[in-house]
Amino acid sequence: GQSNHNYGLAFDAVPLRNGECVWGDKEPQDAELWEEYGRIVRECGGKWGGDWQWPDKPHCEFPLVNWRKLIVRGNYDPGTRTLISLDGTNRSQLV
């Protein structure tokens, strides 16, 4: 499928408590961890999946570029995960 994950523009993560993943949010302290995670994502300019109509709390994305436009224009090479400037002179590899 096509997703911001495929282009290094999104990732999933979970908060930790005492070295253990916190997957749920039923306990008040768990919900607070997720809200803090979302606050940090937004503060860094990202979009948090927990704000969506159908929440996906581990998901966050930083849509600095529109991957669909890159593919249409031919400015993204998925094999090397490289963005190519419109004039073709600059290449940036996504990590």
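Our structure's up above, just so we're on the same page.
Residues numbered from 1 in each chain as written. Predicted model: local features only at pLDDT ≥ 70, side-chain atom pairs only at ≥ 80, totals over all residues. Heavy atoms only, no water.

**Regarding the state of the cysteines**
The criterion, for reference: Disulfides are defined in this document as cysteine sulfur pairs within 2.5 Å. Only protein chains enter the accessibility calculation, which uses a 1.4 Å probe; a residue whose area is less than 20% of its type maximum is buried, one above 50% is exposed, and one in between is partly exposed.
Scanning the entire structure with this criterion turns up zero disulfides. The structure places no disulfide on Cys 44, whose sulfur is separated from the nearest cysteine sulfur, that of Cys 60, by 9.0 Å. On the basis of relative accessible area, Cys 44 is assigned to the exposed category, the value being 56%. With a relative accessible area of 0%, Cys 60 lands in the buried category.

**Quick notes on the environment of Gly 46**
As a reminder of what qualifies: Secondary structure counts use DSSP, requiring at least four H or I residues in a row for a helix and at least two E residues in a row for a strand, with both numbered from the N terminus. Any pair of residues with heavy atoms lying within 4.5 Å of one another is described as a contacting pair.
Examined against the element boundaries, Gly 46 turns out to sit in the loop between helix H1 (28-43) and strand S4 (47-48). The class of Gly 46 is buried, set by a relative accessible area of 11%. Contact partners of Gly 46, with chain neighbours within four places excluded, come to Val 41, Glu 61 and Phe 62.

**Things to note about the packing of aromatic side chains**
Quick reminder of the rule: The pairing test for Phe, Tyr and Trp rings, Trp by its six-membered ring, is centres within 6.5 Å, and the orientation test on the planes gives stacked under 30 degrees, edge-to-face over 60, and tilted for anything in between.
A full pass over the atoms with the stated rule returns three aromatic pairs. Each ring, one from Phe 11 and one from Phe 62, has its centre 6.3 Å from the other, and the planes form 15 degrees; the classification is stacked. Within this pair, whereas Phe 11 is found in strand S1 (residues 10-12), its partner Phe 62 is found in the loop between strand S5 (59-61) and helix H2 (67-73), the two being separated by 51 residues in sequence. Relative accessible area serves as the criterion here: at 40%, Phe 11 is assigned to the partly exposed category. With a relative accessible area of 23%, Phe 62 lands in the partly exposed category. Consider the rings of Trp 34 and Tyr 37, whose centres lie 5.7 Å apart with planes at 80 degrees: the pair is edge-to-face. Here the residue Trp 34 and the residue Tyr 37 both occupy positions in helix H1, the gap between them amounting to three residues, near one helical turn. Judged by its relative accessible area of 1%, Trp 34 is buried. Taken together, the ring pairs in this structure connect Trp 34, Tyr 37 and Trp 48 into an aromatic cluster.

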